[in-house]
Amino acid sequence: MDRMENIMLYALKRDFDVQKAERFFKERGIKVQAVDMKKHPPGLRELKLFAQRAGLQNIIDKQGKAYLESTVRFLTAEQAILEALARDPRLLKGPILRMGQRVAVGYQPQVWQSWLET
């Protein structure tokens, strides 16, 4: 990879997938900037990028308690869903990794490796 772009790792908690993602990049000598979504929730612009690149339904944690207790599951308008995600980042699936305009949700080492090879 000629020019290393900043890799951002968005997560709510340091769960096993987050730790594996951090290890993946550390083993390759690549610094990752971790973003705690509790302290710094992504804004609408960032969420729109996540939704465009990974798919709106793919960034929502449909197994999480926050989703099951939320009205977001009944929303159909993309803008309303994005606004709900901006208000409550617990609705997001994690980790979300971003390198430039590229986005991957969850543990996806093959995708990350392809980022490093381009």
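Residues numbered from 1 in each chain as written. Predicted model: local features only at pLDDT ≥ 70, side-chain atom pairs only at ≥ 80, totals over all residues. Heavy atoms only, no water.

Trainee: What should I look at first to understand the sheet that holds strand 4 (residues 102-105) in this one?
Mentor: Strand-to-strand pairing in sheets goes through backbone hydrogen bonds, with the strands running parallel or antiparallel. As summarised here, the arrangement of the 4 strands in space is 2-1-3-4, forming an open sheet in which the pairing is mixed. Of all strands in the sheet, those with a lone pairing partner are strand 2 (32-36) and strand 4, marking the two edges. Neighbour-to-neighbour, the strand axes of the sheet open up by a mean angle of 20 degrees, direction not taken into account. By the bridge criterion, 4 bridges tie strand 3 (residues 96-99) to strand 4 in an arrangement that is antiparallel. Bridged to Met99 within strand 4 is Arg102. Most of the contacts of helix 1 (residues 16-27) go to strand 1 (residues 7-11), to which it runs at about 165 degrees, and overall it touches strand 1, strand 2 and strand 3. Helix 2 (residues 44-54) rests against strand 1, strand 3 and strand 4 of the sheet, and its axis sits at about 80 degrees to strand 4. (Pairing = 2+ DSSP bridges. Helix = DSSP H or I, 4+ residues; strand = E, 2+ residues; numbered from the N terminus. Axes fitted to C-alpha atoms, helices over the stretch in contact; angles between N-to-C directions. Contact = heavy atoms within 4.5 Å.)

Trainee: I tried to follow the packing of aromatic side chains on my own but got confused; where do I start?
Mentor: Ring pairs (aromatic) are described by centroid distance and by the angle formed between their planes. Under the defined criterion, the tally for this structure stands at 5 aromatic pairs. Where Tyr107 meets Trp112, the ring centres are 5.5 Å apart and the plane angle is 85 degrees; that geometry is what we call edge-to-face. By way of ring pairs, the aromatic residues Phe24, Phe25, Tyr107 and Trp112 are connected into one cluster. One cation-aromatic arrangement involves Lys20 over Tyr107; the distance from NZ or CZ to the ring centre is 4.1 Å. The ring of Phe24 carries Arg28 above its face, with NZ or CZ at 3.7 Å from the centroid. (Phe/Tyr/Trp six-rings, centres within 6.5 Å; stacked < 30°, edge-to-face > 60°. Lys NZ or Arg CZ within 6 Å of the ring centre and 35° of its normal.)

Trainee: How should helix 4 (residues 78-87) be read in this particular structure?
Mentor: Note that an α-helix has 3.6 residues per turn; residues three or four places apart therefore point the same way. Where helix 4 is concerned, the buried positions are Ile81, Leu82, Ala84 and Leu85. All buried residues of helix 4 project into a common sector of 160 degrees when viewed along the axis, lining one side. (Buried < 20%, exposed > 50% of the residue type's maximum accessible area, 1.4 Å probe, protein only. Arc of directions from axis to C-beta.)

Trainee: I would appreciate a short explanation of the pairing of strand 1 in the present structure.
Mentor: Note on strand geometry: in a regular strand, side chains alternate between the two faces of the sheet. Summarising burial for strand 1: 5 of the 5 residues are buried, a large majority. What you see with strand 1 is no split at all: Ile7, Leu9 and Ala11 on one side and Met8 and Tyr10 on the other are buried throughout. In the sheet, strand 1 pairs with strand 2 via 5 bridges, with the strands oriented parallel. Note on strand 2: the bridge partner recorded for Ala11 is Asp36. Each parallel crossover has a hand, and the one from strand 1 via helix 1 to strand 2 is right-handed. Strand direction decides the pairing type here: strand 1 and strand 3, joined by 4 bridges, are antiparallel. Across the sheet, Met8 pairs through a bridge with Arg98, a residue of strand 3. (Right-handed = clockwise from strand over helix to strand, strands pointing away.)

Trainee: Would you mind going over unusual backbone geometry with me for this structure?
Mentor: Phi is mostly negative for residues that are not glycine, and the peptide bonds are mostly trans. Along the chain, Gly94 connects to Pro95 via a cis peptide bond; the corresponding omega equals -10 degrees. By secondary structure assignment, the location of Pro95 is in the loop between helix 4 and strand 3.

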